[in-house]
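# Reading the structure
Here is how the chains run, residue by residue.
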Number of protein chains: 2
Amino acid sequence: MEDLKKFIRDVPDFPKEGILFKDITPLLQDPVAYQTTIDYMAYRYMKEKIDIVIGVEARGFIMASTLAYKLNAGFVLVRKPGKLPYKTHKATYSLEYGTDSLEIHQDAIKPGQRVLVVDDVLATGGTADAVVNLVNILGGEIVECSFLMELDFLNGKEKLKGVPIHSILHY
Amino acid sequence: MEDLKKFIRDVPDFPKEGILFKDITPLLQDPVAYQTTIDYMAYRYMKEKIDIVIGVEARGFIMASTLAYKLNAGFVLVRKPGKLPYKTHKATYSLEYGTDSLEIHQDAIKPGQRVLVVDDVLATGGTADAVVNLVNILGGEIVECSFLMELDFLNGKEKLKGVPIHSILHY
């Protein structure tokens, strides 16, 4: 699947100077590349009886919701504080400077449900770690955290120790 | 499809007092309801040769990206200002008080491509109108704006005059 990399565009100095941003919009807007990506990500879990796929606001909703459809699973949203309308649980995680939080609906996962966490990029692992905490609060069972790409030099894997992780592409 | 309404939860006073929010998260997290919704929305366009499906940040990404997959189309993101990394076009639309803007990548749509705009709710139509403007700037052809539900009393249809609209559920 290495040739999917040709659909990922480098944008220098985004979101701030010195950062080389990996832009996946060319992949998403190419029908064959997008379909291939989803099918390939799904293949690994087709026999895993996934109950719930979780996606994180905002870009994370894209591949996660599509995988939920493909895997005959439900789709659950994890959002920034104040965005979910019903009763929520919250998890806080650290950023370079300060902290941020994510929320999940209290009725989003039933105890024992098998959960797949999907996002486009694994960077420092802060977001994914917060999602894992939210799933644990609700008693869900994490099958794996699945990423399109992993930025190896940021060492997110270290933060997610003990959680199964899979990434299709590595940078 | 009226019975999909039983998966849509009324949340009073969200996001502010006096508003009865239609919460679609119970629908998304039910595998059968979610799959039925996507398949039913897609059915109308299966023979329409859709090139691109557009979704609007953030909740709009969910059904739009899944429909893109189902329709063998590409998926294009419309986002809030400053969120898209590459060169963009911008459209401004009015809110109750003041204005807001949305952006699209300049290379997101090729002239003549057939575009489906998908969102979960048609309310006042401000967002959808801005998306239609962005598609027009890029020379795309709007096949239809497709919504899961339409809040008829907000009269969004009036704002989108001349644009084909379809909604599965009405409130």
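This report concerns the structure included in the present document. (Residues numbered from 1 in each chain as written. Chains lettered and ligands numbered in written order. Predicted model: local features only at pLDDT ≥ 70, side-chain atom pairs only at ≥ 80, totals over all residues. Heavy atoms only, no water.)

## Description of the interface of chain A and chain B
- Across the boundary between the two partners, chain A contributes 41 residues, which contact 42 residues of chain B.
- A buried area of about 3300 Å², summed over both sides, lies between chain A and chain B, and 60% of it is on carbon and sulfur atoms.
- Contact with chain B buries area across many residues of chain A, yet Gln-29, Tyr-69 and Pro-85 of chain A alone supply 22% of it, more than any other trio.
- Counting the contacts that link chain A with chain B gives two salt bridges.
- The tally of links between chain A and chain B comes to 25 residue pairs in polar contact (both at pLDDT 80 or more).
- Secondary structure elements with two or more residues in the side of chain A that touches chain B: β1 (9–12), β2 (20–23), α1 (25–28), α2 (31–43), α3 (60–70) and β4 (74–78) of chain A.
- Considering each element in turn, the side of chain A that touches chain B owes the most residues, seven residues, to α3 of chain A.
- Across the side of chain A that touches chain B, the residue classes break down as 21 nonpolar, nine polar and 11 charged. (Contact = heavy atoms within 4.5 Å. Buried area = accessible area lost by both parts, 1.4 Å probe. Salt bridge = Lys/Arg side-chain N within 4 Å of Asp/Glu carboxyl O. Polar contact = N/O pair within 3.5 Å; in protein donor to acceptor, adjacent residues only side chain to side chain. Helix = DSSP H or I, 4+ residues; strand = E, 2+ residues; numbered from the N terminus. Nonpolar A, V, L, I, M, F, W, Y, C, P; charged D, E, K, R; others polar.)

## Some words on the packing of aromatic side chains
- Inspection of every chain in the model, using the stated rule, returns four aromatic pairs over all chains.
- Relative to Phe-21 of chain B, the ring of Phe-14 of chain B has its centre 5.1 Å away and its plane inclined at 75 degrees; by these criteria the two rings are edge-to-face. Comparing Phe-14 of chain B with Phe-21 of chain B, the two get one shared label, buried.
- With a centroid separation of 6.1 Å and 90 degrees between ring planes, the pair formed by Phe-61 of chain B and Phe-75 of chain B is classed as edge-to-face. Of this pair, Phe-61 of chain B sits in helix α3 (residues 60–70) while Phe-75 of chain B sits in strand β4 (residues 74–78), and the two are 14 residues apart along the sequence.
- Phe-61 of chain B sits in the buried class, given a relative accessible area of 0%.
- Above the face of the Tyr-86 of chain A ring, Arg-9 of chain B is positioned so that its terminal group lies 3.6 Å from the ring centre. (Phe/Tyr/Trp six-rings, centres within 6.5 Å; stacked < 30°, edge-to-face > 60°. Buried < 20%, exposed > 50% of the residue type's maximum accessible area, 1.4 Å probe, protein only. Lys NZ or Arg CZ within 6 Å of the ring centre and 35° of its normal.)

## Observations concerning the environment of Tyr-34 of chain A
- By the element assignment, Tyr-34 of chain A lies in helix α2.
- On the basis of relative accessible area, Tyr-34 of chain A is assigned to the buried category, the value being 0%.
- When residues no more than four places from it in sequence are discounted, the contact partners of Tyr-34 of chain A are Leu-27, Leu-28, Ile-62, Met-63 and Thr-66 of chain A together with Ser-65, Ala-68, Tyr-69, Ala-73 and Phe-75 of chain B.

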